[in-house]
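Residue-level listing of the chains:
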Amino acid sequence: MRTYRRLVIPLVLAALVGCGGVQGEPGGSGVRDDPYFPRLGNSGYDVTHYALDLGYDPATHELTGTAVITARARKDLSAFDLDLKGLTVRGATVDGQRAVVSRTGTELTLRPRDELPRGHTFRATVRYDGAPVTITDPDGSEEGWLRTADGALALGEPTGSMAWFPGNHHPSDKATYDITVTVPTDVQAVSNGELRSRKESADGRRTTYAWHVAQPMASYVATLAVGRFTVRESRTPDGLPVLTAVDPAEQRASAKVLDRLPEVLAWETRKFGPYPFSSTGAIIDRDGDAGYALETQNRPVFPGTPGLGTFVHELAHQWYGDSVTPRTWQDMWLNEGFATYGEWLWEEDHGGDTAQRIFDDRYALPSSDPLWAFPPARPPDAAHISALPVYDRGAMVLHKVRETIGDRAFWRLLRSWPADHRHGNADTAEFTSYVERENPGEKEALAGVWKDWLHGSGKPGSA
Ligand SMILES: [Zn+2]
């Protein structure tokens, strides 16, 4: 799925620079065969760590950045790509040596002075600045860099993180992060992970926040919120650090739902197994443009005070999505099906409708309903990876699995799937073969579930 134009750039550069004896090839401008975003991410290397040093001033809307990317070459590389949208690249080095930089669309190509041999861990440094852009997704929603009344909010599903730092922006390449952000002292900078330090400049005009993400993170769940927040730090009864950042206008309305965070996490830990990260929390911002919640790692972002169902949903994603991450965007139902089913289970356990009842209500919808528009594992295009069938019919797949293997085996599955793929990636085929392997007696019945509910067109059982 590579385009001619994108491949030709590194080749032309190779000729210009004249690398005698170079055996390596340029890395690809996409990964594997993501059917929905063929140019997202890049092949040829694996990022292990991002160290981002950023500055942002809401008054001028100017972002300055230095990204230090530590990565391992997966083959002999003469050049490699990063994804970056907008912004101006001022220079780049690889292992301390100046690299040749070229850009085509969202592909930023770095050509190091020396070839990078397979297995070599290298460090690419990119200096950049400019006015970061908002990206409109194929489905019309907005992500990337969103301006707010008092600052900005960075959201990245599925491609938005390329609007604020160069990287391998595909969910399959996860890495740890240090995100250091300097902002005017009258606003704050809140990101993922744990706040390591907060330092004012000598003149008191700027403050630098250093956030550390200790567990692997896909770049689409990286976030940065700049603005005025009421920040509260506490711990759950289990000792897990909690940090919430709330727009002052939402402070009173959100107190009740935020107070339930330890209770929700304790319930999810019982259902889904040990919490996968070293801190938790939430960011409640009046973002203006996005209007949707996102399961940003450690602390989900909410566009105003969420209802309890949404709160449960985004926290469930910490297991299903953030820790076990889709291998390509085709596997989005593994995120949304599980998080939606998490909401149903919460209802079931807290005096609401049973999951069976919720399933039955959905199943009663006529075959013309958008719920049956396409099978959850096969969205028709990039504009539909966040559409209703991925969520609700995805949850229905899990309910059918539960019905097939029984409650006991299903509760075990809810815990073992995230435990066995912790901090990794998984795709739909890995999930179905995993369930079959764990429940060998039900292999045939499960095959029927996959055929009718996961991959089959139309409303199952209504032909
Ligand atoms: Zn979700």
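Residue numbering note: each chain is counted from 1, following its sequence as written. This being a predicted model, a pLDDT of at least 70 is required before a residue's local features are given, and a value of 80 or more before pairs of side-chain atoms are given or counted; all residues contribute to the totals for chains, interfaces and linings. Just so you know, side-chain values use all the structure's heavy atoms and leave hydrogens and water out.

**Quick look at helix H7 (residues 388-405)**
Owing to its 3.6 residues per turn, the α-helix brings residues three or four apart onto one side. Under the convention used in this document: The helix count covers DSSP runs of H or I at least four residues long, the strand count covers runs of E at least two residues long, and both are numbered beginning at the N terminus. Here the expected length of a helix is defined as 1.5 Å per residue gap, with one fewer gap than residues. Note on classification: 1.4 Å probe, protein chains only; a residue is buried when its accessible area is under 20% of the maximum for its type, exposed when over 50%, partly exposed between these limits.
The end-to-end C-alpha separation of H7 is 25 Å, in line with the 26 Å expected for 18 residues at 1.5 Å each. Across the 18 residues of H7, 15 count as buried, placing the element largely inside the fold. Gly406 occupies a position one or two residues after H7 and carries a positive phi of about 90°.

**Digging into the coordination of the zinc ion**
To keep it simple, the criterion reads: The donor set comprises N, O and S atoms within 2.8 Å of the metal, extended to 3.2 Å for Na, K and Ca; water molecules are omitted, so apparent gaps in a site may simply reflect that omission.
His313 (NE2), His317 (NE2) and Glu336 (OE) make up the full set of protein donors to the zinc ion, lying at 2.0 to 2.1 Å. Mapped onto the polypeptide sequence, the residues donating to the zinc ion form the spacing pattern H-x3-H-x18-E. With His313 in helix H4 (residues 308-316) and Glu336 in helix H5 (residues 332-349), this pair connects stretches of sequence that are 23 residues apart. Judged on exposure class, the residue His313 and its partner Glu336 are both buried.

**Describing helix H2 (residues 251-259)**
What counts here: Working definition: the arc comes from the directions between the helix axis and the C-beta atoms, pointing outward to the latter. Contacts are assigned to residue pairs with any non-hydrogen atoms lying within 4.5 Å of each other.
Residues Ser254, Val257 and Leu258 constitute the buried set of H2. The arc that holds every buried residue of H2, seen down its axis, measures 95°, which confines them to one face. Turned more than 90 degrees from where H2 packs its buried face, Arg252, Lys256 and Asp259 sit exposed. Buried residues along H2 sit against strand E19 (241-246), helix H3 (261-272), strand E20 (280-284) and H4.

**Topic: the pattern of salt bridges**
Test applied: Salt-bridge detection follows one rule: a side-chain nitrogen of Lys or Arg within 4 Å of a carboxyl oxygen of Asp or Glu.
Summed over all chains, the structure comprises 17 salt bridges. Between Lys75 and Glu25 there is a salt bridge, with the nearest N and O atoms lying 3.3 Å from each other. Highlighted residues: Lys75 in the loop between strand E3 (62-73) and strand E4 (77-83) and Glu25 in strand E1 (residues 25-26), separated in sequence by 50 residues. For Glu25, a relative accessible area of 46% gives the class partly exposed. Residue Arg357 is joined to Asp361 by a salt bridge in which the shortest nitrogen-to-oxygen separation is 3.7 Å.

**Re the sheet that holds strand E21 (residues 301-302)**
What counts is decided by this rule: Pairing between two strands requires that DSSP report at least two bridges joining them.
Strands sit in the order E18-E19-E20-E21 across an open sheet of four strands; the sheet is mixed. Here the strands that pair on one side only, and so sit at the sheet edges, are strand E18 (230-235) and E21. Relative to E21, E20 runs parallel, the two being bridged by two bridges. Within E21, the position partnered with Ile284 by the bridge is Phe302.

**Regarding the pairing of strand E12 (residues 151-155)**
Looking along a regular strand, one sees side chains alternate from face to face of the sheet. By the criterion of burial, E12 is predominantly enclosed, with five of the five residues buried. Where strand E11 (residues 142-148) and E12 come together, five bridges link them in antiparallel fashion. Opposite Leu146, over in E12, you have Leu153 as the bridge partner. Here E11 folds back onto E12, and the loop between the two strands holds two residues. The pairing of E12 with strand E17 (residues 224-227) spans three bridges and is antiparallel. Note on E17: the bridge partner recorded for Ala152 is Val226.

**Examining the sheet that holds strand E6 (residues 97-98)**
Taken together, eight strands build an open sheet; the order of strands is E6-E5-E9-E3-E2-E13-E16-E15 and the sheet is mixed. If you trace the sheet from one side to the other, it starts and ends with E6 and strand E15 (194-200), each paired once. Direction of pairing for strand E13 (residues 175-184) relative to strand E16 (residues 206-217): antiparallel, over a ladder of nine bridges. The partner of Thr180 across the bridge, within E16, is Ala210.

**Description of the confidence of the model for the protein**
Do not read the predicted coordinates in detail wherever pLDDT is low. The condition is simple: Confidence of the predictor in every single residue is expressed as pLDDT, which spans 0 to 100.
For the protein, per-residue confidence averages 93 on the pLDDT scale, and 94% of positions sit at 70 or higher. E13 holds the highest mean pLDDT among the elements of the protein, 99, whereas helix H1 (residues 4-17) holds the lowest, 37. The low-confidence segment residues 1-22 (pLDDT under 50) makes 29 contacts with residues lying over four places distant or belonging to another chain.

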